Amino acid sequence: MQKSFTKLLEGYQKFREKYVHGDQSIMQNLSYHGQQPQTMVVACCDSRVDPALILQCNPGDLFVVRNVANIIPPYEKDEMHHGTSAALEFGIRILKVKHLILLAHSQCGGIQALLDNRNDNMYKNDFITNWVSIIKTDHTHDHHADDYAKLALNQSYQNCLTFPWINDKVIDQSLIIHLWFFDIKMGQIFTYSDDQKIYQPLG
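Residues numbered from 1 in each chain as written. Predicted model: local features only at pLDDT ≥ 70, side-chain atom pairs only at ≥ 80, totals over all residues. Heavy atoms only, no water.

Peer 1: Is there a simple way to explain the overall build of the chain in this structure?
Peer 2: From N to C terminus, the chain includes eight helices and six strands. Overall, the chain shows an N-to-C arrangement of helices and strands of α-α-β-α-β-α-β-α-α-α-α-β-β-β. In summary, the chain has a C-alpha radius of gyration of 18 Å against a globular reference of 17 Å for 203 residues, a match within 12%. Structurally, the chain occupies a C-alpha span of about 60 × 50 × 40 Å along its principal axes. Residue burial in the chain is summarised as follows: out of 203 residues, 35% are buried. A sequence separation of at least 24 residues applies to 63% of the contacts in the chain between residues at least 6 apart. A total accessible area of about 12800 Å² is found for the chain, and carbon and sulfur atoms account for 53% of it. The average position of the 18 basic charges and that of the 22 acidic charges among the side chains of the chain differ by 5 Å. (Helix = DSSP H or I, 4+ residues; strand = E, 2+ residues; numbered from the N terminus. Rg over C-alpha atoms; globule rule 2.2 N^0.38 Å. Buried < 20%, exposed > 50% of the residue type's maximum accessible area, 1.4 Å probe, protein only. Contact = heavy atoms within 4.5 Å. Areas by Shrake-Rupley, 256 points an atom, 1.4 Å probe, with all protein chains shown as cover. Lys, Arg positive; Asp, Glu negative; His and termini not counted. Charge placed at Lys NZ, Arg CZ, Asp CG, Glu CD.)

Peer 1: Sorry, what's going on with the nonpolar core here?
Peer 2: Within soluble globular proteins, side chains that are nonpolar generally end up buried alongside one another. By size, the foremost hydrophobic cluster in this structure holds 37 residues, and its most contacted members are Met40, Leu88, Leu100, Leu102, Ile111 and Ile166. Secondary structure elements with two or more residues in this core: strand E1 (39–44), strand E2 (62–67), helix H4 (83–94), strand E3 (99–105), helix H5 (109–118), helix H7 (145–160), helix H8 (164–171) and strand E4 (176–183). Per-element accounting of this core gives the leading share, six residues, to H7. Among all residues touching Leu88, those that are not within four sequence positions of it are Met40, Val42, Ile72, Arg93, Leu100, Phe163, Trp165 and Ile166. By size, the runner-up hydrophobic cluster in this structure holds ten residues, among which are Ile101, Trp180, Phe182 and Ile184. (Core = buried A, V, L, I, M, F, W, Y, C linked by side-chain atoms within 4.5 Å.)

Peer 1: Even after reading the chapter, I still don't get the sheet that holds E1, so can you show me in this structure?
Peer 2: Read across the open sheet, the six strands follow the order E2-E1-E3-E4-E5-E6; overall the sheet is mixed. The sheet is open, and its two borders are formed by E2 and strand E6 (198–201), each paired with just one other strand. The sheet shows a mean angle of 30° between the axes of neighbouring strands, taken without regard to direction. Looking at chain direction, strand E5 (residues 188–193) and E6 are connected through four bridges and run antiparallel. In the sheet register, Ser193 faces E6, and the bridge partner there is Ile198. Packing of H4 onto the sheet brings it into contact with E1, E2 and E3, and relative to E2 it is tilted by some 170°. On top of the sheet, H7 reaches E3, E4, E5 and E6; it is set at about 165° to E4, its chief contact. (Pairing = 2+ DSSP bridges. Axes fitted to C-alpha atoms, helices over the stretch in contact; angles between N-to-C directions.)

Peer 1: Got a minute to help me understand unusual backbone geometry in this structure?
Peer 2: Peptide bonds are, in most cases, trans, and in most cases residues other than glycine have a negative phi. Located in the positive-phi region is Ala69, a residue other than glycine, with phi close to 70°. Locating Ala69 in the fold gives a position in the loop between E2 and H4. Backbone geometry places Lys197, a non-glycine residue, at a positive phi of 60°. As for its position among the elements, Lys197 is in the loop between E5 and E6.

Peer 1: Mind showing me how you'd approach the pattern of salt bridges here?
Peer 2: Between side chains of opposite charge, pairing is possible as soon as their charged atoms come close. One pass over the full model with this rule turns up three salt bridges. A salt bridge links Asp46 to Arg48; the nearest nitrogen and oxygen atoms lie 2.8 Å apart. On the basis of relative accessibility, which here comes to 14%, the residue Asp46 falls in the buried class. Overall, Arg48 belongs to the partly exposed group, its relative accessible area being 39%. (Salt bridge = Lys/Arg side-chain N within 4 Å of Asp/Glu carboxyl O.)

Peer 1: Explanation requested: the pairing of E3 in the structure shown.
Peer 2: A regular strand places its side chains on the two faces of the sheet in alternate fashion. Here E3 lies mainly inside the structure; six of its seven residues are buried. Pairing analysis gives five bridges linking E1 to E3, with the strands arranged parallel. Within E3, the residue paired with Val41 across the bridge is Ile101. Across seven bridges, E3 lies against E4 in parallel orientation. The residue bridging Ala104 from the neighbouring strand is Phe181, located in E4.

Below is the structure:
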């Protein structure tokens, strides 16, 4: 335990050396000029799937929201609390990002919880089961969890379009939505081709 925490402290010192020290430091520039990211990422909380690390980004490059199973809920303007929806509104309406990446991944625990619940092996939890139930499962097919993670991406994309200010930007092409699937074992991203209806290696 102490070794892992010491690693965090050492990492913090490396961060300061790389991004903080010097008159032209990235953090100083971001402090003076504010953030102006062109890309927003909705990713999973999974510790193995850090968008900034996978894409080798500097501070200020990405506006990121992470939740269990990287789910976009449908547009619901009510008195409830909507953390992911609030982040979408900030990124798209205030920061005016040009790209929205929905980043799913293999071996997703949230998707597995969804499937376990569908198979009556219900997780005993306060929030997870209800959250992942946003994704509608297909009872006629026995999909692998990774297949469902990809199906969930497509459902999240459709949910994006229920937000009027997202749908408008997609229509006028001022916002492009990307569906990406990260294979943890391969360390590779696959992107959805709307033309061919399949996921293909990125780049």
